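# Reading the structure
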Amino acid sequence: MWRGRRDDLSDLDDHALLRRAAEGDGRAAGVLVERLGPRLLASVARLLGGDRAEAEDVVQEAFLRLWRKGADWDAGGAAAPGTWLHRVAANLALDRRRRAGARWDELDDAHADDAPGAEARLMAGERVEALEAALAALPERQRVAVVLRHVEGYANPEIAAMMDVGVEAVESLTSRGRRRLAALLGPRKEELGHG
Amino acid sequence: MDDLDRDLRALSRAEAPLPPHLRGRIVGGLPRPRPLPRLAWVGLPAALAAGLAIGMLDPVAVIAPLSGGEAEFADLAVLSWEDLE
């Protein structure tokens, strides 16, 4: 019986699940978490350079904010819950970095040329793993810009607002980040099927 | 769009399984519906009974506010028990 009711919930769309969750329905919340959580966790971990523990904290905080907002969620006007979650989580992740004292200027190029172990990790992975490893090897600010632009699909002005920098800086960071990614992946181009 | 762009975009579909403890913390953070205050369990039936009593004693006082404009109110105000019957 429990299984059947759970299957019923799986048929509901995200808005309906959120409405139920906001009313305290733990099963609906569980289905929504299982539906949206794994992709969100992967995305936040990528933004944070693979810091899994911090990524989990961010994902938790984003969902708790979603529950609080769910009570008066405007299904017709607001973004889809998944889209909203990704944006909030990205902002939370960047806020944490700023609060932790990360200085974008220092982080930008300090490790640009010595990414320790990056090539070794590239040798061990397949195509996706290699790309994740290369992203993790980027200087933080470049990684954030490339992930937000090319993975998450935000527009440059949105990224500029999220990173609290100018649009030109975003363009420069994504451009440099892409060049560096290509350089990191270059030696394995044929092996990874880019040839 | 080159291979790198395609691969980067494909990463957006990558998933990381949620550990059970994280799932538990997220679902455990659901807002709990506030229980009805104990006084309300007495107050609600009392208010209902009072409303019924007023309706029985003075139906016009109940019907008039539910009707539309002033003219209807004036019509109702002159109604007697006999009219209603």
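Residues numbered from 1 in each chain as written. Chains lettered and ligands numbered in written order. Predicted model: local features only at pLDDT ≥ 70, side-chain atom pairs only at ≥ 80, totals over all residues. Heavy atoms only, no water.

Of regular secondary structure, chain A possesses 11 helices and 0 strands. The linear arrangement of helices and strands in chain A, starting from the amino end, is α-α-α-α-α-α-α-α-α-α-α. For chain A, with 195 residues in total, the buried portion stands at 49%. By sequence separation, contacts in chain A at least 24 residues apart represent 62% of the contacts at least 6 residues apart. Accessible surface, chain A as shown: approximately 9300 Å² in total, 47% of it carbon and sulfur. (Helix = DSSP H or I, 4+ residues; strand = E, 2+ residues; numbered from the N terminus. Buried < 20%, exposed > 50% of the residue type's maximum accessible area, 1.4 Å probe, protein only. Contact = heavy atoms within 4.5 Å. Areas by Shrake-Rupley, 256 points an atom, 1.4 Å probe, with all protein chains shown as cover.)

Moving on, we get to the confidence of the model for chain B. In low-pLDDT segments, the atomic positions of the prediction should not be examined closely. Residue and element names in this part refer to chain B. In this model, chain B carries an average pLDDT of 76, and 64% of its residues clear a pLDDT of 70 or more. When mean pLDDT is compared element by element in chain B, helix α2 (residues 20-28) scores highest at 94, while helix α5 (residues 70-77) scores lowest at 53. Scoring the predicted complex yields pTM 0.71 and, for the interface, ipTM 0.76. (pLDDT = per-residue confidence, 0-100.)

Attention shifts here to the packing of helix α10 (residues 156-163) of chain A against helix α11 (residues 167-185) of chain A. Residues and elements named next belong to chain A. Relative to each other, α10 and α11 sit at 100°, their axes nearing to 8 Å. In terms of axis orientation, α10 runs roughly perpendicular to α11. Residues Asn156, Pro157, Ile159, Ala160 and Met163 of α10 form the contact with α11, whose own contacting residues are Val167, Val170, Glu171 and Leu173. The residue inventory of the contact of α10 with α11, partitioned by class, reads 7 nonpolar, 1 polar and 1 charged. (Axes fitted to C-alpha atoms, helices over the stretch in contact; angles between N-to-C directions. Parallel < 35°, antiparallel > 145°, perpendicular 65-115°, else oblique. Nonpolar A, V, L, I, M, F, W, Y, C, P; charged D, E, K, R; others polar.)

All names here are of chain A. Under the criterion given, the structure shown has 15 salt bridges over all chains. A salt bridge links arginine 97 to glutamate 54; its shortest N-O distance comes to 2.9 Å. With arginine 97 in helix α5 (residues 81-99) and glutamate 54 in helix α4 (residues 52-70), this pair connects stretches of sequence that are 43 residues apart. The residues arginine 97 and glutamate 54 share a single accessibility class, namely buried. Here arginine 65 ties to glutamate 61 by a salt bridge, and the two come within 3.0 Å at their closest N and O atoms. (Salt bridge = Lys/Arg side-chain N within 4 Å of Asp/Glu carboxyl O.)

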